[in-house]
Amino acid sequence: MPHVDAPAFPESILLTALSKTFGYATFRPHQREIVESILLGKDVLAIMPTGGGKSLCYQLPARMAAGTAVVISPLISLMKDQVDSARDNNMAAAYLNSSLTTSQAAGVYRQLREGALDLLYISPERFALDSFLNSLKEAKISFFAVDEAHCLSEWGHDFRPDYLSLANIRLHFPNAPIAAFTATATSEVQSDIFAKLTLRNPLQVRASFNRPNLYYEVRPKREVDKQILEFLKDHPDEPGIVYRTTRDAVEKTAAFLDGKGIKALPYHAGLAQGKREAHQDAFNNDETQIIVATIAFGMGIDKSNVRFVIHADLPKNIEGYYQETGRAGRDGDPSMCLLFYGGGDIPKLRHFLDQIEDERERALAISKLNRMAEFAARNLCRRRQLLAYFEETYPDENCGSCDICTGKATTQDATREAQMAISALVRTGERFGAAHVVDVLIGADTARIRELGHHNLKTYGVGKHKDKTFWRALMGEMLGRGLLVLDSGPYPILKLTAECLPILQGQEKFSILEVAAPGVGKDRRGSGSSGSGGYGSSSKSAAPELSNSDAKLFMRLKKLRKDFSQRQNVPPYVVFTDKTLHEMCRNKPVTLAALREISGVGDAKRDRYGIEFVQEIRAHLEEA
Ligand code: ADP
Ligand code: ZN
């Protein structure tokens, strides 16, 4: 028999701890190896998507190891939630940040010294305080977890100078393992994290960025407020986020929805802090169905039952879009990501980006915007495109969960227009980029065209019947399908490939997605045709299907959850997630032992809430 190293933590021990503490029967991908590494004293660098289950990766070892685990997290608003959740699972957890009074903080310091804490959440600036470091040195520390670790890289999009003080961890605590977590890391950011934290031969994991429970869809943007309202008719009572680019647009959409009887609150940096927090709390506590927000919103959102994220305007880049859509469906239930795309958004965003002073930065921002627009316009599986952006190959031909793969996206025949574009390229000698070729097609009167005499070409103005947005989308699709290639020289020059021949000769058709032109006021198709089913294939409704009677039980359990949440002053999802309640509705446990079998019910929650939930289920069964 070959010699096999016995794992220091037999799987059964980890699974028992997982079940008792969190009520989960299995680990999500990579969780087990991360937990095990930390327990064995090994550093970790983990890249996992939002909703991948990062917090469990350090909460479970914090529970199992002797001493206090110190978690560094950049968001004060999230700390309370995390601590409430951990405490609800009977972990000894606390946080230290500027929101505590002096005596509250003193209490936490005392608990730390007495070794009474499994978990201590802190903000990064603490590491610059000698007094804090001294207290920490007197305590027994099990390990350090650095959340949102990309914040310490100047290459990243969320650089926080405070994070640089985390380099002190290794200096002052040479023996404690460090586990770094992030949802976004390019290779530069990754090596930065590595170097700044001086990680030692860490376990490195990179989870797939695929979020299988998210459905992606792009709809042509016309009258977007009305389109949102139409969507909401099919999603009554489901919590959702609507993102808009400007404060004005946020206010306008929130007021519009509110006027239609839908509970919607605005959220943006222009609101007083108190008001902003109140709106965020109302959303967290299921008191408003919709929050309409600029991207400022959501950093501190742990709400697990966000059933849809709508982008009413084009996001600036795919990173942002993916992070924002990632706030949907953290509980793993099916959720919708809907983007309204119209060509009119591009000039508006360009106006912002053109003001970036640094030339390189501006060029990068513009190319990222172009990628975003390409994503929206391309007739190619959305999931495949998103994952490709993060350098991951999606293995299946059809993802079954986007508008393209489900055949829901509307396409238009563009064979004739593709022929026109090819001809314009030929006549201009394949020496120009897309912008100029489009100008020739639509017959624009630019200095460049006059200078080159291109207004005398046969193809000049043949594409007048379509606008710039259309032609841009067409070129994007032609590039994507390999009909055109970009020359590798210093300027993005378009060249034709042999793939063009069958289209030029009329042997093959060419179609592109329908795109809404800028300034299209009227919804030409009527609102109904923008898809009343919501999810393309009928099986994909936002919430998992419950029978009428189960839905009634769900309402009862939700009310009970709300009572507990108010009594304890925590958001409802800290008590139980919607997913856990749904499982209760389907399985109807009437004993504590059966309740404990439900995913998300650990020992502590069984003891704290079990009797009342079981009674509620019994009462429901008796009345039925
Ligand atoms: P992240 O911080 O990576 O965005 P979270 O830690 O908030 O993700 O986890 C997302 C959701 O998944 C939470 O509701 C959490 O309770 C749940 N979860 C995490 N791990 C598991 C698991 N092994 N089984 C079932 N649910 C899990
Ligand atoms: Zn797809």
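Residues numbered from 1 in each chain as written. Chains lettered and ligands numbered in written order. Predicted model: local features only at pLDDT ≥ 70, side-chain atom pairs only at ≥ 80, totals over all residues. Heavy atoms only, no water.

### Details of the packing of helix 21 (residues 548–568) against helix 25 (residues 603–623)
Move 1: The interhelical angle for the contact between helix 21 and helix 25, taken along N-to-C directions, is 150°, at an axis separation of 10 Å. Put simply, helix 21 runs roughly antiparallel to helix 25. Read as a crossing pair, helix 21 and helix 25 show a hand that is right-handed. Note on element contacts: helix 25 touches helix 21 through Arg608, Tyr609, Glu612, Phe613, Glu616, Ile617, Ala619, His620 and Glu623, opposite Ser549, Lys552, Leu553, Arg556, Leu557, Leu560, Arg561, Phe564, Arg567 and Gln568.
Move 2: The residue inventory of the contact of helix 21 with helix 25, partitioned by class, reads eight nonpolar, three polar and eight charged. (Axes fitted to C-alpha atoms, helices over the stretch in contact; angles between N-to-C directions. Helix = DSSP H or I, 4+ residues; strand = E, 2+ residues; numbered from the N terminus. Parallel < 35°, antiparallel > 145°, perpendicular 65-115°, else oblique. Left-handed = near helix turned anticlockwise from the far one by under 90°. Contact = heavy atoms within 4.5 Å. Nonpolar A, V, L, I, M, F, W, Y, C, P; charged D, E, K, R; others polar.)

### Remarks on helix 6 (residues 130–138)
Move 1: Three or more residues of helix 6 are buried, namely Phe132, Leu133, Ser135 and Leu136. Buried residues of helix 6, seen end-on, are gathered within an arc of 160° and therefore sit on one face of the element. Pointing more than 90 degrees away from the buried face of helix 6 are the exposed residues Asp130 and Glu138. (Buried < 20%, exposed > 50% of the residue type's maximum accessible area, 1.4 Å probe, protein only. Arc of directions from axis to C-beta.)

### Considering the site of ligand 1
Move 1: Close to ligand 1 lie 14 residues, the nearest being Tyr24, Gly51, Lys54, Ser55 and Arg330.
Move 2: Between Lys54 and ligand 1, the recorded distance is 2.9 Å, taken from a backbone N or O atom to an oxygen atom.
Move 3: For ligand 1, an oxygen atom lies 2.5 Å from a polar atom in the side chain of Ser55.
Move 4: Protein contact buries 84% of the 560 Å² of open area that ligand 1 shows by itself.
Move 5: Sort the elements by how many residues they give to the shell around ligand 1 and helix 3 (residues 54–64) lands first, with three residues. (Near = heavy atom within 4 Å. Polar contact = N/O pair within 3.5 Å; in protein donor to acceptor, adjacent residues only side chain to side chain. Areas by Shrake-Rupley, 256 points an atom, 1.4 Å probe, with all protein chains shown as cover.)

### Structural notes on the sheet that holds strand 6 (residues 178–182)
Move 1: The strand order across the open sheet built from seven strands is 3-4-2-5-6-1-7, with neighbouring strands paired in parallel fashion. With partners counted over all chains shown, the strands left at the sheet margins are strand 3 (93–96) and strand 7 (203–206), one partner each. On average, adjacent strands in this sheet sit at an angle of 15° to one another, irrespective of strand direction.
Move 2: Relative to strand 6, strand 5 (residues 141–146) is paired through three bridges, and the arrangement is parallel. Across the sheet, Val146 pairs through a bridge with Ala180, a residue of strand 6. (Pairing = 2+ DSSP bridges.)

### Section: the coordination of the zinc ion (ligand 2)
Move 1: The zinc ion (ligand 2) binds to the protein through Cys381 (SG), Cys399 (SG), Cys402 (SG) and Cys405 (SG), with metal-donor distances spanning 2.3 to 2.4 Å.
Move 2: If you look at the zinc ion (ligand 2), its four donor atoms make angles of 102 to 116° with each other, and the shape they trace is tetrahedral. (Donors = N, O, S within 2.8 Å, 3.2 Å for Na, K, Ca; no water. Tetrahedral: all angles 85-135°; square planar, octahedral: opposite > 155°, others 65-115°.)

### Let's talk about the packing of helix 1 (residues 11–22) against helix 3
Move 1: Where helix 1 contacts helix 3, the two axes come as close as 11 Å, and the packing angle between them is 100°. By the angle class used here, helix 1 and helix 3 are roughly perpendicular. For the pair helix 1 and helix 3, the contacting residues are Ile13, Leu14, Ala17, Leu18, Thr21 and Phe22 in the first and Leu56, Gln59, Leu60, Arg63 and Met64 in the second.
Move 2: Each residue belonging to the contact of helix 1 with helix 3 can be placed in one class, and the counts come to eight nonpolar, two polar and one charged.

### Some thoughts on the nonpolar core
Move 1: One finds Phe297, Leu314, Trp471, Leu474, Met478 and Phe510 to be the most contacted residues of the largest nonpolar core, which totals 71 residues.
Move 2: When residues of this core are assigned to their parent elements, the largest contribution, eight residues, is made by helix 14 (residues 359–377).
Move 3: Per-domain counts for this core show at least three residues from each of domain 2 (214–409) and domain 3 (415–509).
Move 4: Judged by nonpolar contacts, the second largest core, of 60 residues, contains Cys57, Ala62, Tyr121 and Ile178. (Core = buried A, V, L, I, M, F, W, Y, C linked by side-chain atoms within 4.5 Å. Domains from an automatic or database assignment.)

### Looking at the environment of Asn569
Move 1: Here Asn569 lies in the loop between helix 21 and helix 22 (572–575).
Move 2: Taking the C-alpha atoms as reference, Asn569 lies 9.8 Å from Asn285; in sequence the two are 284 residues apart.
Move 3: For Asn569, the contacting residues outside a window of four places in its chain are Lys80 and Asp84.

### As for the domain arrangement of the chain
Move 1: Splitting the chain by domain gives domain 1 (11–206), domain 2 (214–409), domain 3 (415–509) and domain 4 (548–623).
Move 2: Averaged C-alpha coordinates put domain 2 and domain 3 at centres separated by 32 Å.
Move 3: With five residues of domain 2 at the interface, the matching set in domain 3 holds six residues.
Move 4: Taken together, both faces of the contact between domain 2 and domain 3 bury some 450 Å²; the carbon and sulfur share is 47%.
Move 5: On inspection of domain 2 and its partner domain 3, the count reaches one salt bridge. (Buried area = accessible area lost by both parts, 1.4 Å probe. Salt bridge = Lys/Arg side-chain N within 4 Å of Asp/Glu carboxyl O.)

### Topic: the sheet that holds strand 8 (residues 214–220)
Move 1: Read from one edge of the open sheet, six strands run 8-13-12-9-11-10, paired in parallel fashion. Single-partner strands in this sheet number two, and they are strand 8 and strand 10 (264–267). Taken over all neighbouring pairs, the strand axes of this sheet differ in orientation by 15° on average, direction set aside.
Move 2: Pairing between strand 10 and strand 11 (residues 290–293): four bridges, direction parallel. If you follow Ala264 over to strand 11, its bridge partner there is Ile290.

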